[in-house]
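# Observations on the model geometry
One-letter residues, chain by chain:
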Amino acid sequence: MAPRKPRPSLADRTPIAEWTAAGLGLALTLGVIGYSLWEGTMERDGPPRLSVNAEPAMKMDAAHVVPIVVRNASHATAAQVEVRGVLNAAGAPPEERHASFTYVPGRGEARGGLIFRGDPALGRLDLSVEGFAEP
Amino acid sequence: MKRPARAATPPAAEETYARGLARASAGALIFSFPLLMTMEMWAFGVHMDRVRLALFLVITLAVVFGLSRFAGFRDTTDLADDALDALAAVLVGYVISGLLLGVLGLFSGDTSLRDAIGMVAVQAAPASIGAVLANKQLQAGSKGRSREDRAGYLGQLFLMAAGALFFAFNVAPTEEMILISFKMTPWHALALIVASLLTLHALVFSVGFAGQEAHESHVRAFLHYTLAGYGAALSVSLYILWTFGRLDGGVSDTVRAVVVLGFPAALGAAVARLVV
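A quick note: this is a predicted structure, and the numbers were derived from the prediction, not measured.

Calculation notes
- Residues numbered from 1 in each chain as written.
- Chains lettered and ligands numbered in written order.
- Predicted model: local features only at pLDDT ≥ 70, side-chain atom pairs only at ≥ 80, totals over all residues.
- Heavy atoms only, no water.
- Helix = DSSP H or I, 4+ residues; strand = E, 2+ residues; numbered from the N terminus.
- Buried < 20%, exposed > 50% of the residue type's maximum accessible area, 1.4 Å probe, protein only.
- Contact = heavy atoms within 4.5 Å.
- Areas by Shrake-Rupley, 256 points an atom, 1.4 Å probe, with all protein chains shown as cover.
- Expected span 1.5 Å × (residues − 1).
- Phe/Tyr/Trp six-rings, centres within 6.5 Å; stacked < 30°, edge-to-face > 60°.
- pLDDT = per-residue confidence, 0-100.
- Buried area = accessible area lost by both parts, 1.4 Å probe.
- Salt bridge = Lys/Arg side-chain N within 4 Å of Asp/Glu carboxyl O.
- Polar contact = N/O pair within 3.5 Å; in protein donor to acceptor, adjacent residues only side chain to side chain.
- Nonpolar A, V, L, I, M, F, W, Y, C, P; charged D, E, K, R; others polar.
- Axes fitted to C-alpha atoms, helices over the stretch in contact; angles between N-to-C directions.
- Parallel < 35°, antiparallel > 145°, perpendicular 65-115°, else oblique.
- Left-handed = near helix turned anticlockwise from the far one by under 90°.
- Core = buried A, V, L, I, M, F, W, Y, C linked by side-chain atoms within 4.5 Å.

The next thing to look at is the overall build of chain A. Helices and strands together make up the secondary structure of chain A, namely 2 helices and 7 strands. Counting from the amino terminus, helix and strand elements in chain A follow one another as α-α-β-β-β-β-β-β-β. Counting the 135 residues in chain A, one finds 33% classified as buried. Of all intrachain contacts in chain A linking residues separated by at least 6 positions in sequence, the fraction that spans at least 24 positions is 64%. Carbon and sulfur atoms make up 58% of the accessible area of chain A, which amounts to about 8000 Å² in all.

All names here are of chain A. Secondary-structure assignment places V66 in strand 3 (residues 63-72). You can call V66 buried: its relative accessible area is 2%. Along the chain, V66 and G113 lie 47 residues apart, while their C-alpha atoms are 5.4 Å from each other. Leaving out residues up to four positions away in the same chain, V66 has contacts with A54, E55, A57, G112, G113, L114, F116, P120 and L125.

A turn of α-helix holds 3.6 residues, and therefore any two residues three or four places apart point the same way. End to end, helix 2 (residues 16-41) of chain A covers 37 Å across 26 residues, agreeing with the expected 38 Å (1.5 Å per residue, within 8%). Within helix 2 of chain A, burial applies to E18, A21, A22, G25, T29, V32, Y35, S36, E39 and G40 of chain A.

Glancing now at the packing of aromatic side chains. What characterises a pair of aromatic rings is the spacing of the ring centres plus the angle enclosed by the ring planes. Residue and element names in this part refer to chain B. Here the structure, examined in full by the defined rule, presents 9 aromatic pairs over all chains. Each ring, one from Y153 and one from Y225, has its centre 5.6 Å from the other, and the planes form 75°; the classification is edge-to-face. Of this pair, Y153 sits in helix 6 (residues 152-171) while Y225 sits in helix 9 (residues 218-243), placing them 72 residues apart in sequence. By relative accessible area, which is 7% here, Y153 ends up buried.

A few words now on the confidence of the model for chain B. Low pLDDT marks stretches whose predicted atomic positions should not be read closely. Residues and elements named next belong to chain B. Of all residues in chain B, 83% attain a pLDDT of 70 or more, and the chain-wide mean is 83. Averaged over each element, pLDDT in chain B is lowest for helix 1 (residues 11-36) (87) and highest for helix 3 (residues 50-70) (91). Throughout residues 1-7 the model reports pLDDT below 50, and contacts reaching past four residues in sequence, or to other chains, amount to 20 contacts. Of the regions scoring below 50 in pLDDT, residues 140-145 engages in 6 contacts with residues more than four places distant in sequence or in other chains.

Turning our attention to the interface of chain A and chain B. Taken together, the contacts link 33 residues of chain A with 36 residues of chain B. For the pair chain A and chain B, the summed buried area comes to about 2800 Å², and 70% of that belongs to carbon and sulfur atoms. One can count 1 salt bridge joining chain A with chain B. E39 of chain A serves as the salt-bridge partner of R256 of chain B, at 2.7 Å between the closest nitrogen and oxygen. Between the two partners, chain A and chain B, sit 5 residue pairs in polar contact (both at pLDDT 80 or more). A per-element tally of the side of chain A that touches chain B places helix 2 of chain A first, with 17 residues. Residue composition of the side of chain A that touches chain B, grouped by class: 16 nonpolar, 11 polar and 6 charged.

A few words now on the packing of helix 2 of chain A against helix 6 of chain B. One way to put it is that helix 2 of chain A packs onto helix 6 of chain B with a least axis distance of 9 Å and a crossing angle of 30°. By the criterion of interaxial angle, the relationship of helix 2 of chain A to helix 6 of chain B is roughly parallel. Where helix 2 of chain A crosses over helix 6 of chain B, the two elements pack in a sense that is left-handed. Of the residues in helix 6 of chain B, those in contact with A17, E18 and A21 of chain A of helix 2 of chain A are Y153, L154 and L157 of chain B. Of the residues that constitute the contact of helix 2 of chain A with helix 6 of chain B, the class distribution is 5 nonpolar, no polar and 1 charged.

Turning our eyes to something else, we now look at the pattern of salt bridges. Applying the stated rule across the entire model yields 10 salt bridges over all chains. When the shortest N-O distance is used, the salt bridge between E130 of chain A and R84 of chain A registers 3.4 Å. Placement of E130 of chain A in strand 7 (residues 123-133) and of R84 of chain A in strand 4 (residues 78-89) is noted, with a sequence separation of 46 residues between them. R69 of chain B is the partner of D82 of chain B in a salt bridge, and the nearest nitrogen-oxygen pair spans 2.4 Å.

What follows covers the environment of A270 of chain B. Residues and elements named next belong to chain B. Structurally, A270 is set in helix 10 (residues 251-275). When its relative accessible area of 0% is taken as the criterion, A270 is described as buried. For the pair A270 and Y225, spaced 45 residues apart in the sequence, the C-alpha separation amounts to 9.2 Å.

What follows deals with the environment of L127 of chain A. Residues and elements named next belong to chain A. Take L127: it is sitting in strand 7. Given a relative accessible area of 22%, L127 falls into the partly exposed group. Considered as a pair, L127 and R84 are 43 residues apart in the sequence and their alpha carbons are 5.8 Å apart. Among all residues touching L127, those that are not within four sequence positions of it are V52, N53, A54, I68, R84, G85 and L114.

As a further point, take the nonpolar core. L67, F169, L200, Y230, I240 and F244 of chain B are the most contacted members of the largest nonpolar core, which has 68 residues in total. Apart from the residues within four sequence positions on either side, L200 of chain B is in contact with M160, T226, G229, Y230, A266, A269 and A270 of chain B. Counting 14 residues, the second-largest nonpolar core is a separate cluster that includes V66, A78, L87 and F101 of chain A.

Below, the structure written as structure tokens:
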């Protein structure tokens, strides 16, 4: 690796592979540093801002599965997020179901599902986020 | 594994080969038992995305082959020989993982074949790496110049990436990885980046990578080994997180998780030189 001849210039004795690897490493390192700095200097936007939405129900054997998506609009991650869903169908007692999510990452989402006996398409489904813990 | 004469295989050669296999098994055990005893790993074997698992197995095979080629001290340059060694190491990895998972009672009567295969496959990676390293490293009577001295820059970069892969893989499956990244603020992340770079650079210098005497300046070693190595560590972290399906959060969480996993990966990249 070290030739004992008169020294060529740095550019001449360094293979392209080394410059490429160094360049990529520099780009990635500056990327993570830059992103962290940008995020760190941005205004923090308080506690997690959680919202929950239902997707069209799917029939599974004798039950109906309602896929739910919990979104977090804040940068702060929420842990142990509790979601409650109440299905009010005509002519039947209301059904209440719960789901809990270990994490809903900041600016991210988590997916799960609620399982009802009645058909959610025939009734009104109320979803709410009941609470969370800080991770 | 040492395979002396090509024409005849006298009993002594068979015995040497058997000893090589035993050594590889020991290496596989030592390198893989922490993960074999990690709960999340069993679960990953069951629910991991199968395409990602398949890709991971292919990459493992390539890494084991590369280690067989660049690591160790045996003076052969035979490509076929290295390929045979790599395949034997992978076999040992699978067998050891399967046996140990069985002994630990993790296969019950109702474990489906698909789940069992997944559980063994995901564990086979560290075991195979252990097998190939043990076999190369502990070979009795090995002498001569370390092959990695001749590996060239790309070979050394590969060794760093392999070290990063092994270290990152060892901690990536645990719940703690994501929990840590959730608890960190961006400022913690910045501190960890600096710590990773400093550690990597200190180890690059004190351990002395092959051909380092050519690096007359800190600046150059920093560019070509530390920065390149950290780049490799970050890329490997990203890949491992993707393999385990841990990139579902937003950009912030991804960056932070990559930085968190990049720390053990950087240590692995630095220590690669010691281990191989």
